[in-house]
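Working through the structure, step by step
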Amino acid sequence: MATKIAEKRGHWGHLFQRFEDTKDAQEGVSEKTIEIYENTWKFFSSAFDEDHDPFQAPPTSQKDKEKRIFDRLQAVIVARKRSTKPASATTINIYSRVMNTYLRWLKEEENELQYLWQLKKQIVDRGDTREIFKEDEITKIRLYKPTSFNQKRAHTIGMMMLDNGMRIDEALSIRTEHVKFREDLIWIEHGKGRKARHVEISPVLKPILHRYMDKVMPPTAKFIFGTKTGTQLSQRNALRDIGVVLRKAKVRGLSWHSFRHTYATGFLLRGGRIEKLQKLLGHSRIETTQIYLHMVENYFTQNAGDFSSLRPL
């Protein structure tokens, strides 16, 4: 179901709506991104209250007027962190990133602001390293022998994500014609932001994926990891199936995104360039990819055995 676009009141609300429309037109953002934009405005809208608009106040410097809005944005964050149902640091970071993009757009595209204001990233208490599989966990996943169709399907998806870092929704949308064994490539037709790209099939993954497609996948299937009836598998059911695999393999029940995190961190640990990783992961901005540099730093400051992917370091 399409995300409902709420009416945004006032000068700043109308500008935010135009910001959303511009991003959608230029980048073809997904429904999920539009939903995040809408939630960002709900989160921060009180900071742009027209009744307290500093631009309608008695004359003062432009910088002071802009700073009042920025201070109110920060006040919203503080209030939400201290509320009876506080927003998590991860949630605040997501909405702050969108707001920072909006502020930059106001300055560079609309000339509404003269100064560039940026909200700081919140510290995530749980730590990024917990989202990465440990070396012994990777070994257990690799050696586990799934028994049912659902388990074999989920296990192969996990191996593929560890091999090339694709997103779970990208994996579930792969059709049979997208896999090119001769070129060792998989075509991602509908990546995030509607951007297509290729990912490589390593010599480690190749026999695993080929065996699954030859022996397990229904011969009439349209999707590589689809259902037995030929329809596309939902993320909820895929998460259910990998949960069974991880539990039986005696591995922590982490999310699908942990497979992607593990791949990205392992890529940098093996000496891969972050610019190359950005393209492989399908990130539009290098800043998004740079979070994995922090994870690599944790690897060297903690226990080197806490990180791995399909190929040992």
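**Describing the overall build of the protein chain**
On a plain count of helices and strands, the protein chain comes out with 13 helices and three strands. Relative to its 313 residues, the protein chain shows a buried fraction of 46%. Sequence-distant contacts, at least 24 apart, represent 65% of the contacts inside the protein chain between residues at least 6 apart. Total accessible area on the protein chain is roughly 17400 Å²; 50% of this is exposed by carbon and sulfur atoms.

**Thoughts on a negative patch on the surface**
A surface patch of like charges, here negative, comprises D21, D24, E31 and E35. For the negative patch, the elements supplying multiple residues, two or more each, are α1 (10–27) and α2 (31–44). Looking at the element boundaries, E35 is found in helix α2.

**Observations concerning the nonpolar core**
Core analysis: the biggest nonpolar cluster contains 41 residues, and M166, I186, L209, I224 and F259 have the highest contact counts within it. If you list the elements that add at least two residues to this core, you get α5 (135–143), α6 (149–164), α7 (168–172), β2 (185–188), α8 (205–216), α9 (235–248) and α10 (256–269). Discounting chain neighbours no more than four positions away, the residues touching L209 are T156, V179, F181, I186, I201, I224 and F225. Counting residues in hydrophobic clusters, the runner-up holds 28 residues, among them F19, W41, F43 and A47.

**Section: the confidence of the model for the protein chain**
For the protein chain, the mean per-residue pLDDT works out to 84, and 84% of the residues sit at or above 70. Within the model, the stretch residues 125–130 combines pLDDT values under 50 with ten contacts to residues more than four positions away or in other chains. Segment residues 301–308 is flagged for pLDDT under 50; beyond a separation of four residues in sequence, or across chains, it makes 21 contacts in the model.

**What about the side chain of S173?**
As for its placement among the helices and strands, S173 is situated in the loop between α7 and β1 (179–180). With relative accessibility at 18%, the residue S173 sits in the buried group. Side-chain polar atoms of S173 contact the backbone oxygen of E170, separated by 2.9 Å. Excluding residues that lie within four positions of it along the chain, S173 makes contacts with H178, F223 and Q232.

**Some remarks on the environment of L269**
For L269, the position within the fold is in helix α10. L269 gets classed as buried once you look at its relative accessible area, which sits at 18%. On a C-alpha basis, the gap between L269 and Y292 in space is 9.9 Å, while along the polypeptide they are 23 residues apart.

**Some points on the packing of helix α3 (residues 62–82) against helix α4 (residues 89–108)**
Viewed as axis vectors pointing N to C, α3 and α4 meet at an angle of 170 degrees, and their least axial separation amounts to 12 Å. With respect to each other, α3 and α4 are oriented roughly antiparallel. Contacts between α3 and α4 involve L73, I77 and K81 on the former and, on the latter, I92, S96, M99 and L103. In terms of residue class, the contact of α3 with α4 is made up of five nonpolar, one polar and one charged.

**So, the pattern of salt bridges**
Per the counting criterion, the structure on display carries 13 salt bridges. K8 is the salt-bridge partner of E20, the closest N and O atoms lying 3.0 Å from each other. Placement of E20 in helix α1 and of K8 in the segment before α1 is noted, with a sequence separation of twelve residues between them. The exposure classification of E20 matches that of K8, with both residues buried. Close ionic contact of E38 with K8 constitutes a salt bridge, the shortest N to O distance being 2.7 Å. With E38 in helix α2 and K8 in the segment before α1, this pair connects stretches of sequence that are 30 residues apart. For the pair shown, E38 and K8 are each scored as buried. One continuous salt-bridge network, built from bridges that share partners, spans K8, E20 and E38.

**Brief notes about the pairing of β2**
Alternating residues of β2 divide into I186 and I188, all buried, and L185 and W187, none buried. Judged from the two bridges that link them, β1 and β2 form a sheet pairing that is antiparallel. Along β2, the bridge assignment pairs V179 with I186. Hairpin geometry of β1 and β2 is characterised by an intervening segment of four residues between the two adjacent antiparallel strands and by a positive phi of about 55 degrees at D184. As judged from the four bridges shared by β2 and strand β3 (residues 197–200), these two strands associate in the antiparallel manner. Its bridge partner lying in β3, W187 is registered against H198.

**Focus on α3**
Given 3.6 residues per helical turn, the α-helix brings residues three or four places apart onto the same face. End to end, α3 covers 31 Å across 21 residues, agreeing with the expected 30 Å (1.5 Å per residue, within 8%). Within α3 the residues assigned to the buried category are K65, E66, I69, F70, L73, V76 and I77. Down the axis, α3 shows its buried residues gathered within 140 degrees of arc, on one side only.

The rules we used
- Residues numbered from 1 in each chain as written.
- Predicted model: local features only at pLDDT ≥ 70, side-chain atom pairs only at ≥ 80, totals over all residues.
- Heavy atoms only, no water.
- Helix = DSSP H or I, 4+ residues; strand = E, 2+ residues; numbered from the N terminus.
- Buried < 20%, exposed > 50% of the residue type's maximum accessible area, 1.4 Å probe, protein only.
- Contact = heavy atoms within 4.5 Å.
- Areas by Shrake-Rupley, 256 points an atom, 1.4 Å probe, with all protein chains shown as cover.
- Patch = residues over 30% accessible without salt bridge, like charges linked within 9 Å, V, L, I, M, F, W, Y side chains within 5 Å.
- Salt bridge = Lys/Arg side-chain N within 4 Å of Asp/Glu carboxyl O.
- Lys, Arg positive; Asp, Glu negative; His and termini not counted.
- Charge placed at Lys NZ, Arg CZ, Asp CG, Glu CD.
- Core = buried A, V, L, I, M, F, W, Y, C linked by side-chain atoms within 4.5 Å.
- pLDDT = per-residue confidence, 0-100.
- Polar contact = N/O pair within 3.5 Å; in protein donor to acceptor, adjacent residues only side chain to side chain.
- Axes fitted to C-alpha atoms, helices over the stretch in contact; angles between N-to-C directions.
- Parallel < 35°, antiparallel > 145°, perpendicular 65-115°, else oblique.
- Nonpolar A, V, L, I, M, F, W, Y, C, P; charged D, E, K, R; others polar.
- Pairing = 2+ DSSP bridges.
- Expected span 1.5 Å × (residues − 1).
- Arc of directions from axis to C-beta.

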